[in-house]
Amino acid sequence: MKVSNQCIDHYASPLGEILLSADDIGLTGLWFAQQKHYADILVGDEPVVDLPVFDEAMRWLDEYFTGCQPDFTPPLHVVGTSFQLSVWQILRTIPYGQTTTYGKIAEQLAAERNVAKMSARAVGSAVGCNHISLIIPCHRVLASDGSLAGYAGGIEKKAKLLQLEGASIAQNARVSAGIGDS
């Protein structure tokens, strides 16, 4: 779903360039350069504009990348299907430095909707379509075996983000992501 009347800005993070998008309501996107679903909600002619929401988002990113949990959230304008919005709301409740699994999110959604079961794959698909990475922390979701499966920004970035937060991840997951030696 494309969102009109947006502006963009850029942020140089320790893990690479980040593209930010916003409209008059709030931040609509935050992507690592060239990640899966990169800027897929933009129409392609968004101007680079200095908006207050970008200043707040960059301040949030500055704090985050120093290894601190930001104590504020910039205004967000989250756009998606009702299922995606439900999943993304759960992502926002995962504490800094902690992880959960796609299956646990599916169980939580099933309980909230009073149904017997929800698909962990459907949850994974919604997690992967999150437009506001980091602030809506999709990197904190692991496979049921604790592996770092699935991250639109790349498994190596996911491992580094979790490491930055001090999250406990399996040693084999860290090694397979190529950061076990650092």
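These figures come from a predicted structure and were not determined experimentally. (Residues numbered from 1 in each chain as written. Predicted model: local features only at pLDDT ≥ 70, side-chain atom pairs only at ≥ 80, totals over all residues. Heavy atoms only, no water.)

A. View of the overall build of the chain. For the chain, the helix and strand inventory stands at six helices and five strands. Ordered by position from N to C terminus, the α and β elements of the chain give β-β-β-α-α-β-α-α-β-α-α. Taking all 182 residues of the chain together, the buried fraction comes to 47%. For the chain, contacts bridging at least 24 residues in sequence account for 57% of all contacts bridging at least 6. Total accessible area on the chain is roughly 8800 Å²; 50% of this is exposed by carbon and sulfur atoms. (Helix = DSSP H or I, 4+ residues; strand = E, 2+ residues; numbered from the N terminus. Buried < 20%, exposed > 50% of the residue type's maximum accessible area, 1.4 Å probe, protein only. Contact = heavy atoms within 4.5 Å. Areas by Shrake-Rupley, 256 points an atom, 1.4 Å probe, with all protein chains shown as cover.)

B. Quick peek at the nonpolar core. In terms of nonpolar packing, the biggest core is built from 43 residues, with Leu-20, Leu-27 and Leu-134 touching the most fellow members. At the level of secondary structure, the elements contributing two or more residues to this core comprise β1 (7–13), β2 (16–22), β3 (27–32), α1 (52–65), α2 (82–91), α3 (102–113) and α4 (120–128). Beyond its immediate sequence surroundings of up to four residues, Leu-134 is in contact with Ile-18, Leu-30, Phe-32, Trp-60, Leu-61, Tyr-64, Phe-65, His-139, Tyr-151 and Leu-161. Counting residues in each nonpolar core, the second largest holds six residues, with Leu-142, Leu-162, Ala-167 and Ile-169 among its members. (Core = buried A, V, L, I, M, F, W, Y, C linked by side-chain atoms within 4.5 Å.)

C. Seen up close, the side chain of Lys-158. With respect to the element layout, Lys-158 can be found in helix α5 (residues 155–165). The buried charged residue Lys-158 lacks any salt bridge partner; its closest oppositely charged side chain belongs to Asp-145, at an N-O distance of 9.7 Å. Here Val-141 takes part through its backbone oxygen, which lies 2.4 Å from a polar atom of the side chain of Lys-158. When sequence neighbours within four positions are dropped, the list of residues in contact with Lys-158 reads Tyr-102, Cys-138, His-139, Val-141, Leu-142, Leu-148, Ala-149, Gly-150 and Tyr-151. (Lys, Arg positive; Asp, Glu negative; His and termini not counted. Salt bridge = Lys/Arg side-chain N within 4 Å of Asp/Glu carboxyl O. Polar contact = N/O pair within 3.5 Å; in protein donor to acceptor, adjacent residues only side chain to side chain.)

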